[in-house]
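So you can see what is in the structure, the chains are spelled out below.
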Amino acid sequence: MSETQIHSTVDLAATATGKQCGHLSIPYSHNLGGWANLPVPICVIRNGAGPAVLLMAGNHGDEYPGQVAIQRLWRQLTPDDVAGTLILMPCLNPPAAKASTRLSPLDGRNFNRCFPGNPNGSVSEMLAHYLTTVLFPMSEYVIDLHTGGRSMGFLPCAHMHLVPDLRQRERMRRAAEAFLTEVTFLYADVAGTGLLPTEAERQGKIVITTEMGGAEMVPAGIHRQCQAGLRNVLVHCGVLRGKELARAEAGLGPARWVQSLDRADYRFAPESGLYENCVDLGEPVKAGDLLGQVHYIEQPSREPAPVLAHADGLLVANRGPSIVGQGDCVACVAHDVDPSLFA
Ligand SMILES: [Zn+2]
């Protein structure tokens, strides 16, 4: 695999200690900037022995709570707060964040489908390659904060794949529970390959991901939950000094693990039209319940098309924008998990 074309203004070498703020420069030649670069913010805080943690948000541009939480850590943290190495990337996709879009407006790519990347590809592919070959290998923990973005609402949760390595799986479970969400979620990839967490998992990293709400909002309650959970996870990893808060101390019961591993758990719009959510996030559903329905703006007398629950469960995600196209995911039903899955 050939060399990266990305230049870092911060020194990633283990000998560079203290706090450095800068950016990764991705070559991006366009009509008004023939020799231009796309800067992506990065902050490295290194202080002595300890784990290396890579913390990211803005993988999808229109997902903002994680971006705000990491920006706050960027401003607040000093080397004295850190044991080991903490790499902060509050926004992996600045053009998409500024445009309120999931995909990069520069190359049309979904960054979370670009892995392992290409050093000679588009800006998204070049950055994915840099993470795969430079930042993942030097990190023990990889944290990637998401929301449902513009298209989905999500019950706030930490989530993970059921990785085959049992030791890695158990460490990921404990890290996810340290995020202090009421529900923790096992998910499957129903929409393509080339995900960031999949590549990091393949490299044996302890991967922690979240879905903190949705739409383009940073609601106060969700933001507080995201910031507090993130801090607790960083203490759990050992990269942030302090005492880890046990779930009981945070007023929470034992983690409730749910999963959506079957394709049928993801419900899709049967037709195009105007979608009505009929169940709120976090509500229990029974097989056959009406999750939502598609209305027809031009044919009010036509009965709406139902979207039904295929099984009993918990509604963890629903549709954001009311106008749907046939095949849009409009609901996700999760089921309580047998804890033996982690054994
Ligand atoms: Zn996302």
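A brief structural summary. On a predicted model such as this, the values are computed, not experimentally measured, just so you know.

1. Topic: the side chain of Asp265
By the element assignment, Asp265 lies in the loop between strand E11 (256–260) and strand E12 (266–268). A distance of 2.6 Å separates polar atoms of two side chains, one belonging to Asp265 and the other to His335. Apart from the residues lying within four places of it in its own chain, the contact partners of Asp265 are Gln259, Ser260, His310, Ala331, Cys332, Val333 and His335.

2. Some details on helix H3 (residues 123–135)
For H3, the tally of buried residues reaches ten of 13 residues, placing the bulk of the element in the interior. For H3, the complete set of buried residues consists of Val123, Ser124, Met126, Leu127, Ala128, His129, Tyr130, Leu131, Thr132 and Leu135. On the buried face of H3, the contacting elements are strand E1 (7–8), strand E2 (18–27), strand E3 (37–47), strand E4 (52–57), strand E5 (84–89) and helix H5 (196–202).

3. A short note on the packing of aromatic side chains
Evaluated as defined, the whole model comprises three aromatic pairs. Judged by centre distance (5.3 Å) and plane angle (75°), the ring pair of Phe111 and Phe115 falls under edge-to-face. We note that Phe111, like Phe115, is buried. Ring centres 6.0 Å apart and planes at 55° place the aromatic pair Phe154 and Phe185 in the tilted group. Residue Phe154 is located in strand E7 (residues 152–154), and its partner Phe185 is located in strand E9 (residues 183–187); the two are separated by 31 residues in the primary sequence. Judged on exposure class, the residue Phe154 and its partner Phe185 are both buried. Here the aromatic cluster, defined as three or more aromatic residues joined through ring pairs, consists of Phe111, Phe115 and Phe136.

4. Side note on the environment of Asn120
Of note, Asn120 is situated in the loop between helix H2 (94–99) and H3. For Asn120, a relative accessible area of 52% gives the class exposed. Sequence separation between Asn120 and Ser2 is 118 residues; the distance between their C-alpha atoms is 8.2 Å. Beyond its immediate stretch of four places on either side in the chain, Asn120 contacts Ser2, Gln5 and Met126.

5. Some details on the environment of Asn277
Of note, Asn277 is situated in strand E13 (residues 273–277). According to the relative accessible area criterion, Asn277 is partly exposed, its value standing at 32%. Between the C-alpha atoms of Asn277 and Thr85, which are 192 residues apart in sequence, the distance is 44 Å. Sequence-distant contacts of Asn277, that is, excluding residues within four places in its chain, are made with Leu291, Gly292, Asn318, Arg319 and Val330. Looking at Asn277, its side chain comes within polar contact range of the main-chain oxygen of Arg319, at 3.0 Å.

6. Digging into the pairing of E13
Side chains on a regular strand alternate between the two faces of the sheet. Sheet topology note: the E13/strand E18 (residues 323–324) ladder contains two bridges and is antiparallel. Its bridge partner being in E18, Gly273 is matched across the sheet by Val324. Here four bridges tie E13 to strand E15 (residues 290–295), and the two strands are oriented antiparallel to one another. Bridge pairing in E15 places Glu276 opposite Gln293.

7. Overview of the sheet that holds E15
Judged by pairing direction, the sheet is antiparallel, and its four strands sit side by side in the order E16-E15-E13-E18 without closing on themselves. For this open sheet the edge positions go to strand E16 (305–308) and E18, each flanked by a neighbour on one side alone.

8. Description of the packing of helix H1 (residues 65–76) against helix H6 (residues 220–237)
Between H1 and H6, whose axes approach to 9 Å, the crossing angle comes to 55°. Of the possible angle classes, the one that applies to H1 and H6 is oblique. Viewed along their axes, H1 and H6 form a crossing whose handedness is right-handed. Seen from H1, the contacting residues are Pro65, Gly66, Val68, Ala69, Ile70, Arg72, Leu73 and Gln76; seen from H6, they are Ile222, His223, Cys226, Gln227, Leu230, Arg231 and Leu234.

Conventions we followed
Residues numbered from 1 in each chain as written. Predicted model: local features only at pLDDT ≥ 70, side-chain atom pairs only at ≥ 80, totals over all residues. Heavy atoms only, no water. Helix = DSSP H or I, 4+ residues; strand = E, 2+ residues; numbered from the N terminus. Polar contact = N/O pair within 3.5 Å; in protein donor to acceptor, adjacent residues only side chain to side chain. Contact = heavy atoms within 4.5 Å. Buried < 20%, exposed > 50% of the residue type's maximum accessible area, 1.4 Å probe, protein only. Phe/Tyr/Trp six-rings, centres within 6.5 Å; stacked < 30°, edge-to-face > 60°. Pairing = 2+ DSSP bridges. Axes fitted to C-alpha atoms, helices over the stretch in contact; angles between N-to-C directions. Parallel < 35°, antiparallel > 145°, perpendicular 65-115°, else oblique. Left-handed = near helix turned anticlockwise from the far one by under 90°.

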